[in-house]
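# Architecture and fold: a report
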Amino acid sequence: MAPAPGDREARREDVSEAVWQVLADKGFGGLTLRAVAAAMGVSTGMLMHYFPAKRALIAHALDLLEKRTAERPRRERPAEGLATVRAMLLDILPLTSGDTARNRIWVSSWDLALADDGLAQDQAGRYTRLRASLRPHLEAARRQGELPANADPEQLAATAVAFTHGLVVQALFDPGRFPEDVQTAMLDAFLGSIAAPRP
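Rules used in this analysis
Residues numbered from 1 in each chain as written. Predicted model: local features only at pLDDT ≥ 70, side-chain atom pairs only at ≥ 80, totals over all residues. Heavy atoms only, no water. Helix = DSSP H or I, 4+ residues; strand = E, 2+ residues; numbered from the N terminus. Expected span 1.5 Å × (residues − 1). Buried < 20%, exposed > 50% of the residue type's maximum accessible area, 1.4 Å probe, protein only. Arc of directions from axis to C-beta. Contact = heavy atoms within 4.5 Å. Polar contact = N/O pair within 3.5 Å; in protein donor to acceptor, adjacent residues only side chain to side chain. Salt bridge = Lys/Arg side-chain N within 4 Å of Asp/Glu carboxyl O.

With that settled, consider helix 4 (residues 54-71). For helix 4, built from 18 residues, the straight-helix expectation of 26 Å at 1.5 Å per residue is met to within 8% by its first-to-last C-alpha distance of 26 Å. Among all positions in helix 4, only Leu57, Ile58, Ala61, Leu62, Leu64, Leu65, Arg68 and Thr69 are buried. In a view along the axis of helix 4, the buried residues occupy a sector of 165°, so they form one face of it.

Structure, rendered in structure tokens:
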């Protein structure tokens, strides 16, 4: 029997917490209805009232991951321009244990997203929103003379995201080679490479 509407809403947070626990422990490769049911201490049949198929579970997990990522503590945005771009990109890097865990989950989701057109579109949309969030600050940096007058903020946003996510992957696979100070120095060098020459 399906849960009553009130019970369903009351349990939604429990389901999300169990999904997050499985993601943190096993990544998307270990995300199954059975694993989530075990984390909740319920039957797989009960869980199927929420996720009738694994794809629905994966879609929920990706939405949950995006929500948790958006709600995480952020660095203060110090000023318009490159200082804020720097803070935003530092927030992406795996500089703390929590950031590392979250990035491991994101990277583990890519294989699933690439194999499903709908999930791939959703993931492309997330990257579009990330680039769009950087663009106004790059535009401000250009106005303030921190970037060359002919700089293209849209292209720079794409380049910055590509650089940062490439660094994320290297840091996840080789944390000894890319500790926090090295990641930060590399990001600063990247930002220096796109900045306008100082007079």
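After that view of the structure, there is still more to cover.
It is worth spelling out helix 8 (residues 153-173) at this point. Taking 1.5 Å of rise per residue, the 21 residues of helix 8 would be expected to cover 30 Å, and the 30 Å separating its terminal C-alpha atoms lies within 8% of that figure. Of all the positions in helix 8, only Pro153, Leu156, Ala157, Ala160, Val161, Thr164, Leu167, Val168, Ala171 and Leu172 are classed as buried. The buried residues of helix 8 all sit within an arc of 135° when viewed along its axis, so they share a single face. Those residues of helix 8 that are exposed and aimed more than 90 degrees away from the buried face are Glu154, Ala162 and Phe173. The inward-facing, buried residues of helix 8 abut helix 5 (82-92), helix 6 (97-114), helix 7 (117-143) and helix 9 (180-194). The opening residue of helix 8, the one whose side-chain oxygen lies 3.0 Å from the backbone nitrogen of glutamate 154, is aspartate 152.

Counting across every chain of the model gives six salt bridges. Note that arginine 55 and aspartate 116 form a salt bridge whose closest N and O atoms lie 2.9 Å from each other. One end of the pair, arginine 55, is in helix 4; the other, aspartate 116, is in the loop between helix 6 and helix 7, and 61 residues separate them in sequence. Here glutamate 66 ties to arginine 126 by a salt bridge, and the two come within 3.2 Å at their closest N and O atoms. Taken together, the positions of glutamate 66 in helix 4 and arginine 126 in helix 7 put the pair 60 residues apart, joining distant regions of the chain. Where salt bridges share partners, they join Asp63, Glu66, Arg126 and Arg129 into one cluster.

Now for the side chain of aspartate 91. Within the secondary structure, aspartate 91 is located in helix 5. The buried category is assigned to aspartate 91, whose relative accessible area is 4%. Leave out the neighbours within four places in its chain, and aspartate 91 touches Arg72, Arg74, Arg75, Arg77 and Asp99.

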